[in-house]
Amino acid sequence: MERAAKGRGYGLEKGRTTNCDQGLSMMLLSEWSLDSTLPIPQLPSPWAKAVVAALALLCFGTSYDGDFVFDDSEAIINNKDLRPETSLGHLWEHDFWGTNLISNTSHKSYRPLTVLTFRLNYLVAGGLHPIGFHLINIALHSVISAMMLDVFAVLLGGLVHDEKGKLLNKAPKASFLAAVLFAVHPVHTESVAGIVGRADLLCALFFLLSFISYCKAFRKYDVPTEFSLHWIFASLLLCAVAMLCKEQGITVLGVNIVFDALVVCKMDILQLGEILFGKDKSERNLTWRRGFFTRILLVLSGGTALLYCRWRIMGTGPPVFTETINYNYYYSLNAWLLVCPWWLCFDWSMGCLPLIKSFDDFRIFALFALWFFLIGISWQGLFSKNPEERRILGSGITLMIIPFLPASNIFFRVGFVIAERVMYLSSTGYCILLSYAMCVLSKKGRRIKNLLSAALVGLVILNIMQCIRRSDHWRSEEALFTSALSVCPYNAKVHYNVGKNLADRGKVESAIQYYRQAVRLHPKYVHAMNNLGNILKERKELQEAEKLLSRAVAIQPDFAAAWMNLGIVQNSLKKFEEAEKSYWTAIKYRKRYPDCYYNLGRLYADLHRNVDALNAWQNATHLKPNHGLAWNNLIILLDNTGNLAKAEVVGKEALKLLPNDHTIMFSFANVLGKLKKYKEFFQELNKQVRKFLWKGKAASLSMEKLTQKFEQSGLQLPNLKNYKESESLFLKALQINPNIASYHGNLAVLYHRWGRLDLAKERYEIAMKLDSTSPGIAENYSLLKKKLEQLKKSQP
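Bear in mind that the values here come from a model prediction, so they are computed numbers and not experimental data.

**Some thoughts on the overall build of the protein chain**
Part 1 of the reasoning: Counting secondary structure elements, the protein chain contains 36 helices and four strands.
Part 2 of the reasoning: Sorting the 796 residues of the protein chain into buried and exposed places 51% on the buried side.
Part 3 of the reasoning: In the protein chain, the share of contacts with a sequence separation of at least 24, taken over all contacts with a separation of at least 6, comes to 68%.
Part 4 of the reasoning: Per element, the accessible surface of the protein chain, about 38400 Å² overall, is 59% carbon and sulfur.

**What to know about the pattern of salt bridges**
Part 1 of the reasoning: Using the criterion set out here, one finds 19 salt bridges in the structure.
Part 2 of the reasoning: With a closest N to O distance of 3.8 Å, Lys 537 and Glu 538 form a salt bridge.
Part 3 of the reasoning: Looking at Glu 538, the relative accessible area reads 59%, which means it is exposed.
Part 4 of the reasoning: The partner of Asp 612 in a salt bridge is Arg 609, with the nearest N and O atoms 3.0 Å apart.
Part 5 of the reasoning: By relative accessible area, which is 29% here, Asp 612 ends up partly exposed.
Part 6 of the reasoning: One network of salt bridges, in which partners are shared, links Asp 65, Asp 472 and Arg 475.

**Points about the packing of aromatic side chains**
Part 1 of the reasoning: Within this structure, the stated rule accounts for 14 aromatic pairs.
Part 2 of the reasoning: Both rings, one in Tyr 214 and one in Phe 218, keep their centres 5.8 Å apart while their planes meet at 65 degrees; by these two values the pair is edge-to-face. The burial state of Tyr 214 is the same as that of Phe 218; both residues are buried.
Part 3 of the reasoning: Relative to Tyr 597, the ring of Trp 584 has its centre 6.3 Å away and its plane inclined at 90 degrees; by these criteria the two rings are edge-to-face. Note that Trp 584 is positioned in helix 24 (residues 576-589) and Tyr 597 in helix 25 (residues 594-606), a separation of 13 residues in sequence.
Part 4 of the reasoning: An aromatic cluster of at least three residues, connected via ring pairs, comprises Phe 68, Phe 96, Trp 97, Phe 118 and Phe 133.
Part 5 of the reasoning: In this structure, Arg 111 packs its charged tip against the face of Phe 96, placed 5.0 Å from the ring centre.

**Re the nonpolar core**
Part 1 of the reasoning: In terms of nonpolar packing, the biggest core is built from 209 residues, with Ile 144, Phe 152, Leu 156, Phe 259, Phe 346 and Trp 348 touching the most fellow members.
Part 2 of the reasoning: What Phe 259 contacts, discounting residues up to four positions off in sequence, is Val 154, Leu 155, Leu 159, Phe 211, Tyr 214, Cys 215, Phe 218 and Val 264.
Part 3 of the reasoning: The next biggest cluster of nonpolar side chains, apart from the first, holds 11 residues, and it includes Phe 68, Ile 76, Leu 82 and Leu 91.

**Here we look at a nonpolar patch on the surface**
Part 1 of the reasoning: Together, Trp 342, Val 457, Ile 461, Leu 462 and Met 465 make up an exposed nonpolar region whose accessible area comes to about 480 Å².
Part 2 of the reasoning: For Met 465, the position within the fold is in helix 17 (residues 446-473).
Part 3 of the reasoning: Taking the relative accessible area as the measure of exposure, Met 465 reaches 52% and is therefore exposed.

**Points about the state of the cysteines**
Part 1 of the reasoning: Counted according to the given criterion, the structure contains zero disulfides.
Part 2 of the reasoning: With no disulfide of its own, Cys 245 lies closest to Cys 203 among cysteine sulfurs, the gap being 6.8 Å.

**Re the packing of helix 19 (residues 492-504) against helix 20 (residues 508-521)**
Part 1 of the reasoning: Packing of helix 19 against helix 20 brings their axes to within 8 Å, and their N-to-C directions diverge by 160 degrees. The orientation of helix 19 relative to helix 20 falls into the category roughly antiparallel. The handedness of the crossing between helix 19 and helix 20 is left-handed. Touching Ala 492, His 495, Tyr 496, Val 498, Gly 499, Lys 500, Leu 502 and Ala 503 of helix 19 are Ser 510, Ala 511, Tyr 514, Tyr 515, Gln 517, Ala 518 and Leu 521, all from helix 20.
Part 2 of the reasoning: For the contact of helix 19 with helix 20, the class distribution of residues is 10 nonpolar, four polar and one charged.

**Notes on unusual backbone geometry**
Part 1 of the reasoning: The phi angle at Lys 540 is positive, at roughly 65 degrees, despite the residue not being glycine.
Part 2 of the reasoning: The topology assignment puts Lys 540 in the loop between helix 21 (526-538) and helix 22 (542-555).
Part 3 of the reasoning: Unlike most non-glycine residues, His 608 shows phi in positive territory, near 60 degrees.

**Examining the layout of surface pockets**
Part 1 of the reasoning: Size it by volume and the second largest pocket reaches roughly 570 Å³.
Part 2 of the reasoning: Along the wall of the second largest pocket there are 28 residues; nearest its centre are Ser 45, Asp 150, Leu 167, Leu 168 and Asn 169.
Part 3 of the reasoning: Those elements giving two or more residues to the lining of the second largest pocket turn out to be helix 2 (45-60), helix 5 (130-157), strand 3 (167-168), helix 6 (172-183) and helix 8 (198-216).
Part 4 of the reasoning: In terms of residues, the lining of the second largest pocket owes the most to one element, helix 5, which gives five residues.
Part 5 of the reasoning: Grouping the constituent residues of the lining of the second largest pocket by class yields 16 nonpolar, six polar and six charged.

**Let's talk about helix 18 (residues 477-485)**
Part 1 of the reasoning: Within helix 18, burial applies to Leu 480, Phe 481, Ser 483, Ala 484 and Leu 485.
Part 2 of the reasoning: Of the surrounding elements, those touching the buried residues of helix 18 are helix 17, helix 19 and helix 20.

**Some words on the environment of Trp 342**
Part 1 of the reasoning: By the element assignment, Trp 342 lies in the loop between helix 13 (324-339) and helix 14 (364-383).
Part 2 of the reasoning: Counting along the chain gives 125 residues from Trp 342 to Cys 467, while the straight-line C-alpha distance between them is 9.7 Å.
Part 3 of the reasoning: Once residues within four sequence positions are removed from consideration, Trp 342 is found in contact with Leu 462, Asn 463 and Gln 466.

**Looking at the packing of helix 24 against helix 25**
Part 1 of the reasoning: Their axes nearest at 10 Å, the elements helix 24 and helix 25 cross at an angle of 160 degrees. Taken together, the axes of helix 24 and helix 25 are roughly antiparallel relative to one another. Between helix 24 and helix 25 lies a crossing whose hand is left-handed. Of the residues in helix 25, those touching helix 24 at Phe 576, Ala 579, Glu 580, Tyr 583, Trp 584, Ala 586 and Ile 587 are Cys 596, Tyr 597, Asn 599, Leu 600, Leu 603 and Tyr 604.
Part 2 of the reasoning: The residue makeup of the contact of helix 24 with helix 25, split by class, is 11 nonpolar, one polar and one charged.

**A closer look at the confidence of the model for the protein chain**
Part 1 of the reasoning: With 81% of its residues at a pLDDT of 70 or more, the protein chain has an overall mean of 80.
Part 2 of the reasoning: Helix 2 holds the highest mean pLDDT among the elements of the protein chain, 95, whereas strand 1 (residues 2-3) holds the lowest, 40.
Part 3 of the reasoning: Every residue in residues 317-322 scores below 50 in pLDDT, and together they form 16 contacts with partners more than four places removed in sequence or on other chains.
Part 4 of the reasoning: Low pLDDT, under 50, characterises residues 677-686; the predicted model gives this stretch 17 contacts beyond four residues in sequence or across chains.

**What about the environment of Ile 555?**
Part 1 of the reasoning: Structurally, Ile 555 can be placed in helix 22.
Part 2 of the reasoning: For Ile 555, a relative accessible area of 34% puts it in the partly exposed group.
Part 3 of the reasoning: C-alpha of Ile 555 to C-alpha of Lys 524: the two residues are 31 residues apart in sequence and 6.8 Å apart in space.
Part 4 of the reasoning: Setting aside chain neighbours within four positions, we find Ile 555 in contact with Pro 523, Lys 524, Val 526 and Met 529.

What counts, and where the lines are drawn
Residues numbered from 1 in each chain as written. Predicted model: local features only at pLDDT ≥ 70, side-chain atom pairs only at ≥ 80, totals over all residues. Heavy atoms only, no water. Helix = DSSP H or I, 4+ residues; strand = E, 2+ residues; numbered from the N terminus. Buried < 20%, exposed > 50% of the residue type's maximum accessible area, 1.4 Å probe, protein only. Contact = heavy atoms within 4.5 Å. Areas by Shrake-Rupley, 256 points an atom, 1.4 Å probe, with all protein chains shown as cover. Salt bridge = Lys/Arg side-chain N within 4 Å of Asp/Glu carboxyl O. Phe/Tyr/Trp six-rings, centres within 6.5 Å; stacked < 30°, edge-to-face > 60°. Lys NZ or Arg CZ within 6 Å of the ring centre and 35° of its normal. Core = buried A, V, L, I, M, F, W, Y, C linked by side-chain atoms within 4.5 Å. Patch = residues over 30% accessible without salt bridge, like charges linked within 9 Å, V, L, I, M, F, W, Y side chains within 5 Å. Disulfide = S-S within 2.5 Å. Axes fitted to C-alpha atoms, helices over the stretch in contact; angles between N-to-C directions. Parallel < 35°, antiparallel > 145°, perpendicular 65-115°, else oblique. Left-handed = near helix turned anticlockwise from the far one by under 90°. Nonpolar A, V, L, I, M, F, W, Y, C, P; charged D, E, K, R; others polar. 1 Å grid on protein atoms, 1.4 Å probe; cavity = no way out; pocket = protein on both sides within 12 Å on 5 of 7 lines; lining within 4 Å. Points joined across faces, edges and corners; volume = space filled by probe spheres on them. pLDDT = per-residue confidence, 0-100.

See the structure below:
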């Protein structure tokens, strides 16, 4: 639906023009000379886009083979919404981390389309292989960087079309420079090299598409009162898609409104004041207002609907501020990361940035510097006599501020104060302002121009080097976490993550030091206390572990994991009643907690409360069907209590779910071996032999041949079948883990019962080599040797 001139609802009579129309017509006739002296080459548009995309690949391509790091573990590795067995409908009911939106633990970050792309990565790769995830991120940044050339062409050169409606780039050098600066900016590393940064990349992609669609609404017209409703609605639709990738997408509507005022209608503050206060009531301004305010009404209506839906999902209200000065300080640091991106960190919380507590703190000058810059640029952009300068400065400030608003803690609380990834879109405004400054400086003379040329080359090279260096940090958690120690040495979370990474790699002593430092820096850091308590528990330093875990649950009473770990420690200290209370408290705060039920079952087993233990382990397997430890303990307890038939049923069920779990194979094989002892089998064998009058032949037949004859005769020897099935399970378990002495020892016991004494001897000898101190293996081997000696003596 194309809305145009007279008779179509906008009241523009043929032959009449407005100030906006005259300005737009003059732009069509004049040559824009902003970047005529800029010391960079002017390339054809396809070549310029190719160069920008190639630079983006050069900067971040080294991250393609990185691991899953930091937030990737929760958003990808532990997110069940990526798995094919999870219904696609859950993506629309869960947050970015896979938690139900109605849960109290949900972060309310609603990004279903981003999670959908993760799921597609998983399906295409056939599992969690990070290389595919990284390649998509790198490709997205390259595409976005190339698209930026068209966006910067409009904002730096103006919205100008030829007779065919094709956009003309009136500032090719300036727009190319801005796109290059965007492509190589190091602040983008977290968004590109960190897989969870996909949300920022997808949001930026549809943000730009929404903006470009809004621009296309005017491509067939020379006056701002005429526009295409199709493209306006397309812009709104793409805004909704951007929001489904990340909440920040809604801000494109604000950018579109400012663009309409500054670029399409070429407003200045004086004209706007006259219109708003009614001092200028001429018909031409009434005509102008109809087109502009009609579009604004459409955009605001769509934006209001999207915000309402998002607010309902988010379910939170605006915060009450008590530290306005510190929030402004954080804003200044975000701005500084754009200007000087050499001070980068994966996390800026927990003491990384000490609060400003008085006006004596010299850091307060950062606030004044920020607002001095913003007010100065805004003043120049609003009151400049040059309409092109007003457009460029206004666009730059708009793109710096508006996309940042969702992360500013003004409208709703967010979980951070500084995050490099939220600067991805805001950096576009910085690139516009920096490119404009370069254009202005290039007109100051040859000497300045030569210095500027060298500075630009140096800046691009330094940024590329920093991008490559920072991308390398994001390839592994070890490099990422340790790189932050020099940037934020007082950040407890940095020390916590370094400690966690060291613990995962088995460097327990070093991990303890970092965990202790994290607790010293942040005395209420319950997660550091919990992890440190776990390590101390494994080292049998139970008293200190109990103190740490008790302190953690006192600080955060609903910390279910700490309650469970406290119960484990109390169980080890023989404080059984306290341990039981701790386990049930953990289950109180986390209803579906299979690991806690498993540990509760272990407590009941130690207390010989076998029925309670069985119930606890059954709950664990019900909540988590692949809980191998719970299944194994069920089989062992049923075996030890003589309930072999039930143990056999449970064992078969467990192996259906976990066919490669060697511990279950081992326990199940023991059960099958016990179902018919060797003596019972031998008695049954003698009965069958006598029945068929094989008295003389049976003694000379091997066990295998005898079994074949029985099968040919239609007879059943269920006990022999159990031995064979048990042997098969033991051998399969040994294929998975051949160095466990008890597996060889139990297989030897099976052969001993079965009568296959030579094989039993062989397995006992292997078991003794692996563990010569095991009294059980040594005792059984001794019995076998006695039997072999008896058989040898009885032979003629």
